[in-house]
Amino acid sequence: MRRCFGMAMKYIDIGANLTDPMFQGCYGGSQKHEPDLDKVLQRAWQQGLQKIIVTAGCLKDVDEALELASKDERIYTTVGTHPTRCEEFAPDPVGYYDQLRSRIKSNRSKVLAVGECGLDYDRLQFCGQETQRLYFERQLDLAAEFKLPLFLHMRNAAEDFMTILERNRDKIEQCGGGVVHSFTGTLEEAQRILAFSGLYIGLNGCSLKLEENAEVVRKLPNDRIMLETDCPWCGIRPSHAGHKYVTTKFPTVKKKEKWTAESLIDGRCEPCQISQVLEAIAGIKEEPKEELSEIYYQNTLDLFFSKAE
């Protein structure tokens, strides 16, 4: 088994929730250990991460992500509102939209995408379907205006999600496409997404959980795949179908209270674990991870960085 840390390949994590309180040592509102984001990032760079795109899901996330990105040239962010947070639009829809717009306008070198936006019908207790649909579509206007790609979320809502994309095909073209991240859908759903020129599929540990997921991943075209961790969520667990292909192991501690600066916490995913995502995909596809790494890295440059650099 190869153990970290050793940089052999280049990675870009397109979806890292680095503003999550877990990286400040806070779990469920309780402080368990000192903030360790600096150590998390150190491990990421050592493992071959070249760039990280922080996922923002509300205005608070955006401001924290921009602050983080201002301190490191390798860190970027999205600007948008997650479907479960779309009630934040309700008190002042125009004002809230304008605040998102102003964050993009003032930070063009650091904002690479509009999102995380989309539909999530698994968590309707946070935001109803109608509100989600309304402000998902509104954020497509934002992407088209600034010609920024989309960072998209689709959970248990494929029909409505695709209907909205179809209705706004012109805006998808104007913004240059995007990526449906953390994909766990069917092959048919993937094919409908990939029928749009410029749309990619983002894969992480949740995308490799079940054998059915692995079968879908096996059939996805490599030139439309990107890698992500969705940390601190979506790590590859021992029960996951993709786990048997993972060769890179990291030192972990089982309990948050036993935290050390050198160890990962079991159950809290980190950007450095993107190497495990690549290994699992390579194993499922029976293709060399070195070749896949280059393809996925270039895919990400093409979508997010061709204009930025």
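About the criteria used
- Residues numbered from 1 in each chain as written.
- Predicted model: local features only at pLDDT ≥ 70, side-chain atom pairs only at ≥ 80, totals over all residues.
- Heavy atoms only, no water.
- UniProt positions renumbered as here; feature names shortened; annotations may be inferred.
- Helix = DSSP H or I, 4+ residues; strand = E, 2+ residues; numbered from the N terminus.
- Rg over C-alpha atoms; globule rule 2.2 N^0.38 Å.
- Buried < 20%, exposed > 50% of the residue type's maximum accessible area, 1.4 Å probe, protein only.
- Contact = heavy atoms within 4.5 Å.
- Areas by Shrake-Rupley, 256 points an atom, 1.4 Å probe, with all protein chains shown as cover.
- Lys, Arg positive; Asp, Glu negative; His and termini not counted.
- Charge placed at Lys NZ, Arg CZ, Asp CG, Glu CD.
- Patch = residues over 30% accessible without salt bridge, like charges linked within 9 Å, V, L, I, M, F, W, Y side chains within 5 Å.
- Salt bridge = Lys/Arg side-chain N within 4 Å of Asp/Glu carboxyl O.
- Expected span 1.5 Å × (residues − 1).
- Pairing = 2+ DSSP bridges.
- Right-handed = clockwise from strand over helix to strand, strands pointing away.
- Polar contact = N/O pair within 3.5 Å; in protein donor to acceptor, adjacent residues only side chain to side chain.
- Axes fitted to C-alpha atoms, helices over the stretch in contact; angles between N-to-C directions.
- Left-handed = near helix turned anticlockwise from the far one by under 90°.
- Nonpolar A, V, L, I, M, F, W, Y, C, P; charged D, E, K, R; others polar.

- Within an unreviewed UniProt entry, the label attached to the protein reads Deoxyribonuclease TATDN1, and the organism entered is Drosophila erecta.
- Taken from UniProt, the Sequence similarities (unreviewed entry) comment for the protein reads in full: "Belongs to the metallo-dependent hydrolases superfamily. TatD-type hydrolase family."
- Of the comments in the UniProt record for the protein, the one headed Function (unreviewed entry) reads "Deoxyribonuclease which catalyzes (in vitro) the decatenation of kinetoplast DNA, which are circular DNA catenated to each other, producing linear DNA molecules. Plays an important role in chromosomal segregation and cell cycle progression during eye development probably via its DNA decatenation activity."

Things to note about the overall build of the protein
Okay, so step 1: A tally of helices and strands in the protein yields ten helices and twelve strands.
Okay, so step 2: Its C-alpha atoms give the protein a radius of gyration of 18 Å, within 12% of the compact-globule value 19 Å for 309 residues.
Okay, so step 3: Principal-axis analysis of the C-alpha atoms gives the protein an extent of 50 × 40 × 40 Å.
Okay, so step 4: Among the 309 residues that make up the protein, the fraction classed as buried is 58%.
Okay, so step 5: Taking as baseline every contact in the protein between residues at least 6 positions apart, the subset at least 24 positions apart corresponds to 75%.
Okay, so step 6: When the accessible area of the protein is evaluated, it comes to approximately 13100 Å², of which 48% is carbon and sulfur surface.
Okay, so step 7: Within the protein, one finds 40 positive and 47 negative side-chain charges whose respective centroids are separated by 3 Å.

Considering a negative patch on the surface
Okay, so step 1: A cluster of like negative charges, contributed by E286, E287, E290, E291 and E294, occupies part of the molecular surface.
Okay, so step 2: When its relative accessible area of 61% is taken as the criterion, E294 is described as exposed.

Regarding helix α3 (residues 93-106)
Okay, so step 1: Between its first and last C-alpha atoms α3 spans 20 Å; for 14 residues at 1.5 Å apiece the expected length is 20 Å, and the two agree.
Okay, so step 2: If you check which residues of α3 are buried, you get G95, Y96, Y97, L100, R103 and I104.
Okay, so step 3: On its buried side, α3 packs onto α2 (59-69), β5 (75-79), β6 (111-120) and α4 (129-146).

Topic: the pairing of strand β7 (residues 150-155)
Okay, so step 1: Of all six residues in β7, five are buried, a share of seventy percent or more.
Okay, so step 2: Looking at chain direction, β6 and β7 are connected through six bridges and run parallel. Counted as the bridge partner of V114 is L150 from β7.
Okay, so step 3: Following the chain from β6 across α4 to the adjacent parallel β7, one finds a crossover that is right-handed.
Okay, so step 4: Pairing of β7 with strand β8 (residues 178-180), which is carried by three bridges, proceeds in the parallel orientation. Counterpart to L150 in the pairing with β8 is G178.

Looking at the UniProt feature "binding site: a divalent metal cation 2" (unreviewed entry) in the protein
Okay, so step 1: Per the UniProt record, "binding site: a divalent metal cation 2" (unreviewed entry) is annotated on H153 and H181. Taking the farthest pair of C-alpha atoms as the criterion, the annotated set spanning 29 residues converges on one region, since that pair is 6.0 Å apart.
Okay, so step 2: Inspection of the secondary structure puts H153 in strand β7.
Okay, so step 3: Sequence-distant contacts of H153, that is, excluding residues within four places in its chain, are made with H82, P83, E116, C117, G118, L119, D120, R123, F161 and H181.
Okay, so step 4: Looking at H153, its side chain comes within polar contact range of the side chain of H82, at 3.5 Å.
Okay, so step 5: Looking at the element boundaries, H181 is found in the loop between β8 and α7 (187-194).
Okay, so step 6: What makes H181 buried here is its relative accessible area of 4%.

Quick look at the packing of α3 against α4
Okay, so step 1: Where α3 contacts α4, the axes come no closer than 11 Å and their chain directions differ by 35°. For the crossing formed where α3 meets α4, the hand is right-handed. For the pair α3 and α4, contact is made by P93, Y97, L100, R101, I104 and K105 and by Y135, R138, D141, L142, E145 and F146, respectively.
Okay, so step 2: For the contact of α3 with α4, the class distribution of residues is seven nonpolar, no polar and five charged.

Section: the sheet that holds strand β4 (residues 49-54)
Okay, so step 1: One open sheet holds the eight strands; their spatial order is β1-β4-β5-β6-β7-β8-β9-β10, and the pairing between them is parallel. Looking at the sheet topology across the chains shown, the edges are occupied by β1 (11-16) and β10 (225-227). Between one strand and the next, the sheet's axes are offset by a mean angle of 30°, whatever the strand orientation.

Considering unusual backbone geometry
Okay, so step 1: Residues G115 and E116 are joined by a peptide bond in cis, for which omega reads 10°.
Okay, so step 2: Along the chain, the position of E116 falls in strand β6.
Okay, so step 3: Cis geometry is found at the peptide bond from C231 to P232, where omega equals 10°.
Okay, so step 4: Its place among the elements puts P232 in the loop between β10 and β11 (252-253).
Okay, so step 5: At S182, a residue that is not glycine, the phi angle is positive and equals roughly 50°.
Okay, so step 6: Considering the arrangement of structural elements, one finds S182 in the loop between β8 and α7.

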